[in-house]
Each structure stands twice: as structure tokens, then as C-alpha cells.
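Residue-level structure breakdown
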Amino acid sequence: MNLDWNAFGEVAGVSVGATVAVVTVFALGVLALSQRETARESGRGGGSALTAAGLCFLACAAAVVYGLYLIIPGFHG
């Protein structure tokens, strides 16, 4: 049995990088939601924080859907 260690390392590196990116974007979305609550309590609108949170969560959802697209062979046509 022969294992291509370079390909294995590449896949592992991309997986770790994508995981860190999705977790970071999700955390930024949660932070934006908390800033919205703080803004609303102080009498400001907080609409831009809600938009930022929505975009962060949408990016996370897109990454998950793309991962499922790559994993499930029936989606490839």
C-alpha cells in the first residue's frame, strides 16, 4: 500500500484552514449580534450590525452547502 503523503497533507491543511475560517466568520456574526443588542439598549438602531451578522451567517451556510455539494456525488450530475 502506497500513500501519497503530499496529497494527504494538502487535504489536511485545507480542511483545517476552512474550519478555522468558518468558525471565525461565525464568531464574528455572534459578535455583531451582541453589538446590535448593545446598540439597541443605548437607543441607537443597530441595523448595520444586523446586516453584518446576517452576511456572516450566510457565508457560513454557503460554506456548509458547498461542502455537502463536494461530498454527495448525486449533486455533481
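A quick note: this is a predicted structure, and the numbers were derived from the prediction, not measured. (Residues numbered from 1 in each chain as written. Predicted model: local features only at pLDDT ≥ 70, side-chain atom pairs only at ≥ 80, totals over all residues. Heavy atoms only, no water.)

This part is about the pattern of salt bridges. In this structure the tally under the stated criterion is 1 salt bridge. The salt bridge involving Glu 37 is made with Arg 36; its shortest N-O contact spans 3.7 Å. (Salt bridge = Lys/Arg side-chain N within 4 Å of Asp/Glu carboxyl O.)

Attention now goes to the UniProt feature "transmembrane region" (unreviewed entry) in the chain. Taking the UniProt record as the reference, the feature "transmembrane region" (unreviewed entry) is found at residues 12-33 and 45-72. Within residues 12-33, the helical portion is 100% and the strand portion 0%, while the C-alpha atoms at the span's ends are 32 Å from each other. (UniProt positions renumbered as here; feature names shortened; annotations may be inferred. Helix = DSSP H or I, 4+ residues; strand = E, 2+ residues; numbered from the N terminus.)

The final tally for this structure, using the stated rule, is 3 aromatic pairs. On the numbers, 5.2 Å between centres and 50 degrees between planes, the contact of Phe 26 with Phe 57 is tilted. A residue pair is termed long-range when its members are at least 10 positions apart, and Phe 26 in helix 1 (residues 5-41) and Phe 57 in helix 2 (residues 47-71) qualify at 31 residues. Relative accessible area serves as the criterion here: at 45%, Phe 26 is assigned to the partly exposed category. Phe 57 gets classed as partly exposed once you look at its relative accessible area, which sits at 27%. Ring geometry for Tyr 66 against Tyr 69: centres 6.3 Å apart, planes inclined by 25 degrees, an arrangement best described as stacked. Of this pair, Tyr 66 and Tyr 69 both sit in helix 2, 3 residues apart, which is roughly one turn of that helix. Using a relative accessible area of 52% as the deciding quantity, one classes Tyr 66 as exposed. (Phe/Tyr/Trp six-rings, centres within 6.5 Å; stacked < 30°, edge-to-face > 60°. Buried < 20%, exposed > 50% of the residue type's maximum accessible area, 1.4 Å probe, protein only.)

Bringing the layout of surface pockets into the picture now. The probe, sized like a water molecule, is rolled over the atoms to show the empty space still left. Each pocket or cavity is described by its volume, and for the largest pocket that value is around 270 Å³. Lining the largest pocket are Val 11, Val 14, Ser 15, Ala 18, Thr 19, Val 22, Ala 63, Val 64, Tyr 66, Gly 67 and Leu 70. No other element matches helix 1, which puts 6 residues into the lining of the largest pocket. Split by residue class, the lining of the largest pocket holds 8 nonpolar, 3 polar and no charged. (1 Å grid on protein atoms, 1.4 Å probe; cavity = no way out; pocket = protein on both sides within 12 Å on 5 of 7 lines; lining within 4 Å. Points joined across faces, edges and corners; volume = space filled by probe spheres on them. Nonpolar A, V, L, I, M, F, W, Y, C, P; charged D, E, K, R; others polar.)

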